[in-house]
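If you want the building blocks of each chain, they are given just below.
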Amino acid sequence: MLKSATRILLALLFAAPALAQTNTTLLVDIDHRPVTSLDGDWHTIVDPYSTGLYTFHQEIRKDGFFMNATPNPAGPPLDYNFAAAATLKVPGDWNTQRPDLFYYEGVVWYQKDFNHTPKPNTRTFLHIGAANYRTFVWVNTVKVCEHEGGFTPFDCDITSALKDGKNFVVLSVDNTRIADGVPTLQTDWWNYGGLTRDVSLVETPTQFIDDYDLHLSRTDHGLIEGYVHVEGAAAGTQVTVAIPDLKATTTATVDGDSRAAISLPVKSLTLWSPDTPRLYKVELSSGTDKLTDEMGFRTIETRGNQILLNGQPIFLRGISVHAEAPFRTGRAYSEKDVDTLLGWAKELGCNFVRLAHYPHDQRMTRAADRLGILVWSEIPDYWALQFDNPAVLAKSKQQLTEMIRRDRDKASIILWSVANETPNNPTRTKYLTTMADLSRQLDPTRLVTAALLVRTEKSPTGTTKIVDDPLGNALDVIGTNEYIGWYEQGLTGPDTTTWDIHYDKPLIMSEWGGGAKAGLHASAGTTPAQFTEEYQAELYKHQIAMLNKIPQLRGTSPWILMDFRSARRLNPGIQDNFNRKGVISDQGQKKQAFFILQKAYKDKTLGKAE
Ligand code: GCB
């Protein structure tokens with residue numbers, strides 16, 4: 001073992017850590033391909049000064065720190081020894097695995113040995129489900145890729161770096177918050193670092209299906225259309241798409257861009273909806289590559305201020321959800337985490353979730369497909385990004401592209417969100433209009449939204465909330481966040497608030513609510529104070545009455561399903577680094593507000609009955 005560690009120490013060659021490009025791809029439908037899991041224990045070295053990336057004069061290491069570890073016994077001592085280092089579980093954030101890493105923001109090195117037998121005509125990828133936030137990857141001392149962005153998957157082609165027999169992979173993962181990052185320095189969630197989702201090896205034929213889009217035509221519910229892209233395929237290569245349960249099959253050929261246009265007529269299709277979340281096995285093949293997906297087919301569009309699912313108006317009874325793991329806290333990644341979170345959403349009577357504030361694990365959107373829960377999915381264009389920085393725009397674009405590419409096969413997703421609570425100024429509007437345009441270009445079949453801040457004016461009878469942010473022009477559905485009765489005005493604030501919405505578009509109240517510590521109760525006969533369960537429950541009642549008066553309200557996703565860790569929440573004894581706006585605590589205790597919302601959703605007394 002020590003031998004292998006020394007080998008690593010001797011051999012690692014470090015290229016410049018500047019993130020000029022990501023040189024990664026993203027394999028679609030990875031969870032249906034056979035993979036070799038690299039999950040489990042990884043050796044890890046905590047490197048708070050980025051010593052492995054920079055010299056003592058803060059120069060980027062071109063040949064690497066490990067060059068110092070010569071085999072000469074008289075040489076300098078070894079500073080790194082992976083074999084003797086403590087392990088961390090992958091997937092998993094490091095913060096909740098080791099108390100000394102709870103607040104840690106910096107570099108952690110990960111190392112794992114694995115065996116491999118190269119096969120002819122095969123490409124091998126290292127798949128990383130998510131690594132927060134910046135990652136550099138080496139296989140057998142060869143730098144294979146780098147990636148920025150903590151919530152989207154990436155795949156490094158490691159074919160030429162692999163050897164027959166023993167191999168090893170080394171990654172540096174850095175969760176330092178950076179001003180020019182997406183997200184930027186301030187967020188209201190925990191900056192969980194590490195390899196937070198699955199890591200695996202994936203083998204594909206040299207030519208393989210790397211991307212596709214298959215969706216129901218908005219104008220013809222008997223037609224599935226889209227494309228299949230075959231990486232490395234010459235024009236004329238054949239692609240077949242089949243849906244055996246519908247006895248439907250078609251063969252097409254790729255063009256000069258290795259992309260085949262698909263048009264597949266279907267009969268007796270059961271449309272996917274929350275009431276009938278029917279998924280079909282879809283078989284895709286080209287040459288020796290074969291993939292199976294499970295897909296639902298539905299349409300989503302707007303008409304005036306209505307949202308139409310399969311041509312019918314729908315009201316989105318939702319809840320916002322962070323990817324915080326129930327009971328144990330930390331980043332959610334498992335089937336169990338997903339079942340618990342979405343199980344609670346179902347219990348509330350939801351047909352919709354807002355997956356805040358970044359793409360969640362793919363298990364979440366797969367489960368939403370199975371359970372019939374509509375999804376708002378977003379990238380962390382959150383608060384005050386550097387909207388005047390083209391490099392930041394490139395990062396946002398990359399994350400949007402990765403999110404859409406991974407999840408465009410999920411019928412549950414109806415909304416791509418390009419931003420949350422951003423400052424209203426022309427530079428921001430231009431930036432986010434570019435993002436909305438990109439979303440439509442990448443996926444014309446879904447609706448584009450963003451959670452906007454609203455303006456407040458005094459009215460003769462109370463307060464008017466004005467929705468006139470010019471970003472609304474670029475959106476199909478307007479999302480607005482408000483905390484009337486929590487950050488502003490008292491408990492009865494919603495009673496005297498009216499809404500003035502300058503867009504004839506559907507509106508989702510994408511955040512509203514207030515905090516409560518589970519088990520903290522108001523004394524009988526007193527006006528409830530903030531953070532008691534009674535206050536939160538009362539606030540929900542006042543909010544529901546107000547929301548019902550907004551004519552173009554087409555959905556709500558109150559903030560939030562479950563309490564979540566946030567370093568901004570500093571109130572001792574109450575918050576203790578948790579945002580307490582959950583209707584359920586992080587330990588699964590349902591607060592009174594849960595039952596108020598549940599009743600409103602089940603009785604359909606919040607929102608218009610469809
Ligand atoms: C917001 C943010 C959300 C916060 C929430 C709060 O408006 O979008 O990320 O957690 O308010 O609790 O203040």
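Residues numbered from 1 in each chain as written. Predicted model: local features only at pLDDT ≥ 70, side-chain atom pairs only at ≥ 80, totals over all residues. Heavy atoms only, no water.

Within a sheet, each strand pairs with its neighbour through backbone hydrogen bonds, oriented either parallel or antiparallel. Across the sheet, three strands lie side by side as 20-21-22; this open sheet has antiparallel pairing. One side of each edge strand has no neighbouring strand; the edge strands of this open sheet are strand 20 (300-303) and strand 22 (312-313). (Pairing = 2+ DSSP bridges. Helix = DSSP H or I, 4+ residues; strand = E, 2+ residues; numbered from the N terminus.)

All right, on to the site of the ligand then. Near the ligand, the surroundings consist of 14 residues, among which D188, Y382, E421, Y487 and K581 are the closest. Separating an oxygen atom of the ligand from a side-chain N or O atom of Y487 is a distance of 2.5 Å. Class assignment for the residues of the shell around the ligand results in five nonpolar, four polar and five charged. (Near = heavy atom within 4 Å. Polar contact = N/O pair within 3.5 Å; in protein donor to acceptor, adjacent residues only side chain to side chain. Nonpolar A, V, L, I, M, F, W, Y, C, P; charged D, E, K, R; others polar.)

Mapped onto the secondary structure, W499 falls in strand 31 (residues 497-501). Residue W499 is classed as buried on the basis of its relative accessible area, which comes to 16%. Distance from W499 to W376, taken between C-alpha atoms, is 23 Å for residues 123 residues apart in sequence. Other than its neighbours up to four places away in sequence, W499 contacts V454, K465, V467, T480, E482, I484, M509, M546 and I550. (Buried < 20%, exposed > 50% of the residue type's maximum accessible area, 1.4 Å probe, protein only. Contact = heavy atoms within 4.5 Å.)

This next bit is on the state of the cysteines. Going through the model one piece at a time under the given rule, you end up with one disulfide. Bridging C145 to C156, the disulfide has an S-S length of 1.9 Å. Pair noted here: C145 is in strand 8 (residues 142-148) and C156 is in strand 9 (residues 154-157), with a separation of eleven residues, a long-range link. (Disulfide = S-S within 2.5 Å.)

For the chain, the assigned domains read domain 1 (2-205), domain 2 (218-297) and domain 3 (302-451 + 474-488 + 502-602). Here the C-alpha centre of domain 3 lies 32 Å away from the C-alpha centre of domain 1. Taken residue by residue, the interface counts 37 residues in domain 1 and 40 residues in domain 3. A buried area of about 3,400 Å², summed over both sides, lies between domain 1 and domain 3, and 54% of it is on carbon and sulfur atoms. Scanning the region where domain 1 abuts domain 3 turns up six salt bridges. One salt bridge in this structure joins D198 and R363, with 2.8 Å as the shortest N-O distance. There are 23 residue pairs in polar contact (both at pLDDT 80 or more) connecting domain 1 and domain 3. (Domains from an automatic or database assignment. Buried area = accessible area lost by both parts, 1.4 Å probe. Salt bridge = Lys/Arg side-chain N within 4 Å of Asp/Glu carboxyl O.)

With that out of the way, let us pick up the packing of aromatic side chains. Tallied over the entire structure, the rule returns 20 aromatic pairs. Note that R259 overlies the ring of Y227, its terminal NZ or CZ placed 3.7 Å from the centroid. Over the ring of Y483 we find K581, and its NZ or CZ is 5.6 Å from the ring centre. (Phe/Tyr/Trp six-rings, centres within 6.5 Å; stacked < 30°, edge-to-face > 60°. Lys NZ or Arg CZ within 6 Å of the ring centre and 35° of its normal.)

According to the stated counting rule, one finds 42 salt bridges in the structure shown. In this structure, D157 engages R123 in a salt bridge whose closest nitrogen and oxygen atoms are separated by 3.0 Å. With D157 in strand 9 and R123 in strand 5 (residues 122-128), this pair connects stretches of sequence that are 34 residues apart. Note on D157: relative accessible area 30%, which makes it partly exposed. Residue K599 pairs with D603 through a salt bridge whose shortest N-O separation is 2.6 Å. Residues joined in a network through salt bridges with shared partners are D29, D31, D293, R366, R406, D407, D409 and K410.

Okay, unusual backbone geometry next. Along the chain, V90 connects to P91 via a cis peptide bond; the corresponding omega equals 0 degrees. For the bond running from N132 to Y133, omega is 10 degrees, close enough to zero to count as cis. Structurally, Y133 is set in the loop between strand 6 (131-132) and strand 7 (134-139). With a phi close to 55 degrees, N121 is a non-glycine residue in the positive phi region. With respect to the helices, strands and loops of the structure, N121 is situated in the loop between strand 4 (107-116) and strand 5. A relative accessible area of 64% places N121 in the exposed class. If you check the backbone angles, T329 has positive phi at about 55 degrees while not being a glycine. Looking at the secondary structure, you find T329 in the loop between strand 23 (316-321) and helix 2 (335-348). Judged by its relative accessible area of 4%, T329 falls in the buried class.

As a further point, take the packing of helix 4 (residues 390-407) against helix 5 (residues 426-442). Relative orientation of the contacting elements helix 4 and helix 5 amounts to 25 degrees, with a least axis distance of 10 Å. Of the possible angle classes, the one that applies to helix 4 and helix 5 is roughly parallel. As for how helix 4 packs across helix 5, the hand of that crossing is right-handed. Contacts between helix 4 and helix 5 pair V392, L393, S396, K397, L400, T401 and I404 from the former with Y431, T434, M435, L438, S439 and L442 from the latter. Considering only residue class, the contact of helix 4 with helix 5 consists of eight nonpolar, four polar and one charged. (Axes fitted to C-alpha atoms, helices over the stretch in contact; angles between N-to-C directions. Parallel < 35°, antiparallel > 145°, perpendicular 65-115°, else oblique. Left-handed = near helix turned anticlockwise from the far one by under 90°.)

Looking now at helix 3 (residues 362-371). Counting buried residues in helix 3 gives seven out of ten residues, a clear majority hidden from the surface. Among all positions in helix 3, only Q362, M364, T365, R366, A367, A368 and D369 are buried. Where helix 3 begins, the capping side chain belongs to D361, and its oxygen is found 2.8 Å from the backbone nitrogen of R363. Positive phi appears at G372, one or two residues downstream of helix 3, with a value of about 75 degrees.

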